[in-house]
Amino acid sequence: MNSVTTAAHPRRARALRWAARLAVGVVLLVFGIWLILFVTKGRFLKPYFEKIATSRLHRQVRVAGDFNLYFAPFNVAFLADGLTIANVTWAPKSDFLDARHTALTVRTLPLLWGRHEISVADIDGARVTLQWDAAHLHNNWTFDDPNAPPAPFEMPVIARGTITDTHVSYTDPKLQLALKVDIHPLTATNSHIDQAVGFSGTGTLRAKPVSFSGHVDKADQMLHAGSSKLVLHADAADTVIDLSGTMPGISDITAGHYHLAVRGENMANLFDFIGVVVVPTRKYHLVAEVSRDDGTWNFTRIKGVFGDSDLTGVMGLAFPKDRLHLGADLHTQSLDLLDAAPFIGYDPKRLDALGTKGLVTNENGHPRILPDASLRADALRQFDADVRYRVGNISTRNFPASQIDVTLNLDHGKMVLKPASAVVATGKLDGSFALDARGDTVMTDYDLRLHPTPMGKLLYRFGVEEAGTSGTLSGRLALHGVGNSVRESLAHSNGRMVAIIPRGTMWARNVQLVELDIGTFIQRMFQKKLKDPVEINCGLVGFTVRDGIANADPILIDTRKNVITGRGDFSFRDESVDVGIRAKGKTFSLFSLQSPIGIGGYMAAPHLKLVSPQLLERGGAAVALGVVATPVAALLAFIDPGNGQAAQCGPVLAGATAAAQRTVKGQPRKDLGPAKH
């Protein structure tokens, strides 16, 4: 037993001696490697570094100048002059990184656990290129497998260092965004960046130039995976953008929450930057809260003004199936008429300068009022939209409209406004509007219905008294047009327009317009007995439109005393008006007028044509002047001797054409038709 124990001791002693010698050898080997690296600065490792880094990053890595890689004394010291890291294969030829001088000191122990902590970083003359691919599926800062899904850029912790003469470029083909950013010099000490990180630069967004500047506060928190405050100011043409908020990291500012303030001359220019077509506006100023969730940019708490109108609501921008889609729910409490006019193609700058006079232009010596702004059909085909827009009221003296509610859908170039409704003088106006821009020719369908509306409220500002007026007015407009503007579309339109007046009374403020029988008016004027309103049995003002020419079909108003008929047309092509109106009394009047009255001129400047010079000699001058002042009542202002045939009201109230109209005896009417007086 003792002999066995005695023999074991020498073996254990030899093992311990070999272990000690091995440990000393390892220490000497490590020391030798350390000494060699320290003395040589590891310059001989440059080709091995390039090879290993290339393999790990799946990118070509090169060092053109001086190279150091050694322990100093325990942390890893790295220096590379002319360091380049190639870009991914799908990106342009520029390198991902091209740095004139890079010096890093990396803490060794955290590195063994997979953490990258840099105690010192000095970078000078760096050019960094950040890019997304065209499909927005991959970016060039995701290393490893080039086909891997995009990953956030992980910024290492930096205790202290400096960054000088560094520039970053960012490209996103889907957004058509290209930026070049200059990083202002910065210094970090004790794991803190001593000042705000400033930046400035230029670029393009959808081929439009932009310039910007800003800074990041508390950037050291961002480097430690915390949040920092981003402040950005950008100018693009006549658009000024201010953005501020928190960003969670340096790699993805899109994950932050921001406050946006934007102003400019025309809101259409702002939306041009994201490839969305909106109607032009007068000067605007908007604020909103901005965030991104599940691929959708959300703009909430939108509030501001455009022109003299307010705007609130929410909006979202997304890319379903790689196609831009805009969704919005917007509201205006008070819409100024000058801000509503650009919705159908009027020039907001002209309106801003001239007011309502800007609605009319002069072309070839004639006034024109139909807007002629061309539709951007090609741009409408590039995005889709679902928008609801509500308006409390339109701020205008002559058009009492409120509770406007429009839903817009745009799908690959076909735009539909349906439903669309409004309250007009307590009556309801609704309909739809469909514009098809999918082909080379833009086709538009207009369909509007005015449900029975009190004439006293509707025509109050045109001389009709609400008190004493019980009549109502309803109507329908149904047109199909072809053309790239409202003017061109209506100039090549076909369809029908009607206004229907059922039984009721009407009282006008201008006493000259109250009585249809001028003889009765004159008698009562002298007797001071002008007290009764006009008693209307039924009325129809209809026009059939063929290739932009609207022919009266028919104009027929039957009252207790007279029958008013009209013939003629107006043109959407040149906006000329040529309509003749005649009134025939059902009973004889000593002072009645037999001569018709013509309405001529242009839509923007209509005037009365006194067809017979005897009209003035028979007391019609005051009537004509009254009609000019109150054109809505013009159809009720003329009479003839007592041979008028009373109208059968069924076809009138149905809005039938002239061919379907009958007298009360059922006979076809011979006093209607397209011929002009």
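Throughout, a residue's number is its position along its own chain's written sequence, starting from 1. Residue-level local features of this predicted model are given only where pLDDT is at least 70; pairs of side-chain atoms are given and counted only at 80 or more, and the full residue set underlies all totals for whole chains, interfaces and linings. Only hydrogens and water are set aside when side-chain values are computed; all heavy atoms of the structure are taken into account.

A.B. asks: Would you mind showing me how to read the nonpolar core here?
C.D. replies: The nonpolar side chains of a soluble globular protein tend to be buried, and buried together. Within the largest apolar cluster, 89 residues are counted, with the highest numbers of intra-cluster contacts made by Leu326, Phe543 and Phe572. Contacts are assigned to residue pairs with any non-hydrogen atoms lying within 4.5 Å of each other. Discounting chain neighbours no more than four positions away, the residues touching Phe543 are Gly495, Arg496, Met497, Ala550, Asn551, Ala552, Asp553, Ile555 and Phe570. Nonpolar core, defined: a set of buried Ala, Val, Leu, Ile, Met, Phe, Trp, Tyr and Cys residues in which side-chain atoms within 4.5 Å join the residues together. Accessibility here uses a 1.4 Å probe with only protein chains present; expressed as a share of the type maximum, an area under 20% marks a residue as buried, one over 50% as exposed, and anything in between as partly exposed. Formed by 15 residues, the second largest nonpolar core is a distinct cluster that contains Val61, Val63, Phe78 and Phe96.

A.B. asks: Looking at this structure, how should I read a nonpolar patch on the surface?
C.D. replies: A surface patch of nonpolar side chains, amounting to about 360 Å² of accessible area, comprises Phe31, Leu35, Phe38 and Val39. Counting from the N terminus, the helices are the DSSP runs of H or I reaching at least four residues and the strands are the DSSP runs of E reaching at least two. Secondary-structure assignment places Phe38 in helix H1 (residues 2-40). On the basis of relative accessible area, Phe38 is assigned to the partly exposed category, the value being 33%. Patch rule: a residue counts if its relative accessible area is over 30% and it has no salt bridge; like charges are joined within 9 Å, and nonpolar side chains (Val, Leu, Ile, Met, Phe, Trp, Tyr) within 5 Å. Computed by Shrake-Rupley with a 1.4 Å probe, the accessible areas treat only the displayed protein chains as cover when residues are assessed. In what follows, salt bridge is the name for a side-chain nitrogen of Lys or Arg lying within 4 Å of a carboxyl oxygen of Asp or Glu.

A.B. asks: Could you clarify how one ought to interpret unusual backbone geometry in this entry?
C.D. replies: Across residues other than glycine, the phi torsion is negative in most instances, and most of the peptide bonds are trans. Between Ala72 and the following residue, Pro73, the backbone shows a cis peptide bond with an omega angle of -25°. Tracing the chain through its elements places Pro73 in the loop between strand E2 (67-71) and strand E3 (76-85). Going from Lys418 to Pro419, the amide bond is cis rather than trans, its omega being 0°. Take Pro419: it is sitting in strand E24 (residues 414-424). With a phi angle near 45°, Asp165 is a residue other than glycine that sits in the positive phi range.

A.B. asks: I would appreciate a short explanation of the pairing of E24 in the present structure.
C.D. replies: Working note: regular strand, side chains alternate between the two faces of the sheet. In this scheme, strands are said to pair when DSSP sees at least two bridges between them. By the bridge criterion, eight bridges tie strand E23 (residues 401-411) to E24 in an arrangement that is antiparallel. Within the sheet, the bridge partner assigned to Asp405 lies in E24 and is Ser421. As defined by bridge partners, E24 adjoins strand E25 (residues 427-436) across nine bridges and the pair is classed as antiparallel. Across the sheet, residue Val423 finds its bridge partner in E25, namely Lys428.

A.B. asks: Can you walk me through the pairing of E3 in this structure?
C.D. replies: Counting buried positions along E3 yields nine of ten residues, so the element is predominantly enclosed. Strand direction decides the pairing type here: strand E1 (residues 61-63) and E3, joined by three bridges, are antiparallel. Bridging from a neighbouring strand, Arg62 pairs with Thr84 of E3. In this structure, E2 lies alongside E3, joined through five bridges in antiparallel fashion.

A.B. asks: Just checking my understanding: could you explain the confidence of the model for the chain for this structure?
C.D. replies: Predicted coordinates in regions of low pLDDT should not be interpreted in detail. Taken as a whole, the chain shows an average pLDDT of 81; of its residues, 81% reach a score of 70 or greater. Per residue, pLDDT measures the predictor's confidence, with a range of 0 to 100. Counted against residues more than four places away or in other chains, residues 510-530, with its pLDDT under 50, gives 55 contacts.

A.B. asks: Whenever I open this one, the environment of Phe543 confuses me. Can you help?
C.D. replies: Tracing the backbone shows Phe543 in strand E31 (residues 534-546). Residue class for Phe543 comes out buried when judged on its relative accessible area of 11%.

A.B. asks: How should I be thinking about helix H2 (residues 46-57) in this particular structure?
C.D. replies: Given 3.6 residues per turn, any residue in an α-helix points the same way as the ones three and four places further on. Look at H2: 16 Å from first C-alpha to last across twelve residues, which is about the 16 Å you get at 1.5 Å a residue. Every buried residue of H2 is accounted for by Glu50, Ala53 and Thr54. In a view along the axis of H2, the buried residues occupy a sector of 105°, so they form one face of it. The exposed residues of H2 that point more than 90 degrees off its buried face are Tyr48, Lys51, Ile52, Ser55 and Arg56. What a helix should span is 1.5 Å times the count of its residues minus one. As used here, the arc is the angular range of directions from the helix axis to the C-beta atoms.

A.B. asks: In this structure, what is going on with the environment of Ser395? I would like to understand it.
C.D. replies: Secondary-structure assignment places Ser395 in strand E22 (residues 384-395). When its relative accessible area of 35% is taken as the criterion, Ser395 is described as partly exposed. Separated by 58 residues in the primary sequence, Ser395 and Leu337 place their C-alpha atoms 6.0 Å from one another.

A.B. asks: Can you walk me through the side chain of Asn140 in this structure?
C.D. replies: Take Asn140: it is sitting in the loop between strand E5 (117-131) and strand E6 (157-164). At a separation of 2.7 Å, a polar atom in the side chain of Asn140 contacts the main-chain carbonyl oxygen of Thr129. Residues contacting Asn140, with those up to four places away along its chain left out, are Arg59, Asn87, Val88, Trp90, Phe96, Thr129, Leu130 and Gln131. Polar contact is defined as a pair of N or O atoms within 3.5 Å, subject to the rule that within protein one atom must be able to donate a hydrogen and the other to accept it, and that residues adjacent in sequence are counted only when both atoms are side-chain atoms.

A.B. asks: Teacher, can you tell me more about the pattern of salt bridges here?
C.D. replies: Pairs can form between side chains of opposite charge whenever their charged atoms are close. Counted under the stated rule, the structure contains 24 salt bridges. As a salt-bridge pair, Arg100 and Asp124 come within 2.9 Å of each other at their nearest N and O atoms. Of this pair, Arg100 sits in strand E4 (residues 97-106) while Asp124 sits in strand E5; the two residues are 24 residues apart in sequence, bridging distant segments of the chain. Residue classification places Arg100 among the partly exposed positions, given a relative accessible area of 43%. On the basis of relative accessibility, which here comes to 22%, the residue Asp124 falls in the partly exposed class. Note that Asp165 and Arg100 form a salt bridge whose closest N and O atoms lie 2.8 Å from each other. Highlighted residues: Asp165 in the loop between E6 and strand E7 (166-172) and Arg100 in strand E4, separated in sequence by 65 residues.

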